Amino acid sequence: MRIVLVGPPGAGKGTQAAFLAKNLSIPHISTGDLFRANISKQTELGKLAKSYMDAGNLVPDEVTIAMAKDRMEQSDAVNGFLLDGFPRNVSQAEALDEMLKAESMKLDAVLDLEVPEDEVVKRIAGRRICRNDSAHVFHVTYQAPKAEGVCDTCGGELYQRDDDSEETVRKRLEVYHTQTEPIIDYYKAQGLVVTISALGKVEDVTGKAMAALKGDGEGE
Ligand SMILES: [Zn+2]
């Protein structure tokens, strides 16, 4: 299955992506991990991305797209993948379609996690992420680690990302509305969008998402 996961910041995308990828036996490909991997391995794309980041500029879509393409061509992704954080705008979605078309492949579903804005704000400040793996995500209230500040999965240190601070949430929501939300309409036109509520317990949301994906778009 080839799936794109979309949803506003605070929808629990990283957590859901990790569970869904495990349930579906496909790799979870997050943009954040792609950037970190390419930069730490000092690939050409990593060096290029870093040059933009060091200068305080946004990494151009072409660089992100090339990194995603590299990752999707690795052997563990032959039976599918779950994309998290990519595409993040219509131009990236169009590039992804072209990329897949060239390989005679297509997306199976676009899972849209819905959550009210006030809930987003509540959720974000409590989020904690593992320094070793951004797929290890916790929340001080909703999914507390057994020991404060320590990852249950690998023992790594948990931290709050700078852009998870309350003051930047509104700004991130605005960027999501203007940049990323239009891809939902783009994919709706292809009949790919499955919308589920991201409210409730993590495992319940995963269950709803799995049921909707198995229903092959019936949840739309
Ligand atoms: Zn960890």
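Report on the accompanying structure. What you see is a predicted model, and the numbers here were worked out from it, not measured in a lab.

## Observations concerning the pattern of salt bridges
Move 1: What the rule picks out here adds up to 14 salt bridges.
Move 2: Two residues, Arg71 and Asp76, come together in a salt bridge whose shortest N-O distance is 2.8 Å.
Move 3: Accessibility expressed as a relative area gives 16% for Arg71, which makes it buried.
Move 4: With a shortest N-O distance of 3.6 Å, Lys122 and Glu119 are connected by a salt bridge. Highlighted residues: Lys122 and Glu119, both in helix H6 (residues 117-125), separated by three residues, approximately one helical turn.
Move 5: A residue is classified by how much of its surface remains accessible, and Lys122, at 54% relative accessible area, is exposed.
Move 6: On the basis of relative accessible area, Glu119 is assigned to the buried category, the value being 13%.
Move 7: Because the salt bridges share partners, they merge into one network encompassing Arg127, Arg161, Asp164 and Arg172.

## Quick word on the sheet that holds strand S8 (residues 193-197)
Move 1: Pairing is parallel in the open sheet, where five strands are placed in the order S2-S3-S1-S4-S8. Only two strands of the sheet have a single partner each, and these edge strands are strand S2 (28-30) and S8. Averaged over all pairs of adjacent strands, the angle between strand axes in this sheet comes to 25°, irrespective of strand direction.
Move 2: With four bridges joining them, strand S1 (residues 2-6) and strand S3 (residues 81-84) adopt parallel strand pairing. What sits directly across from Val4, in S3, is Leu83.
Move 3: Contacts from helix H2 (residues 31-40) reach S2 and S3 within the one sheet, and its direction differs from that of S2 by about 75°.

The rules we used
- Residues numbered from 1 in each chain as written.
- Predicted model: local features only at pLDDT ≥ 70, side-chain atom pairs only at ≥ 80, totals over all residues.
- Heavy atoms only, no water.
- Salt bridge = Lys/Arg side-chain N within 4 Å of Asp/Glu carboxyl O.
- Buried < 20%, exposed > 50% of the residue type's maximum accessible area, 1.4 Å probe, protein only.
- Helix = DSSP H or I, 4+ residues; strand = E, 2+ residues; numbered from the N terminus.
- Pairing = 2+ DSSP bridges.
- Axes fitted to C-alpha atoms, helices over the stretch in contact; angles between N-to-C directions.
- Contact = heavy atoms within 4.5 Å.

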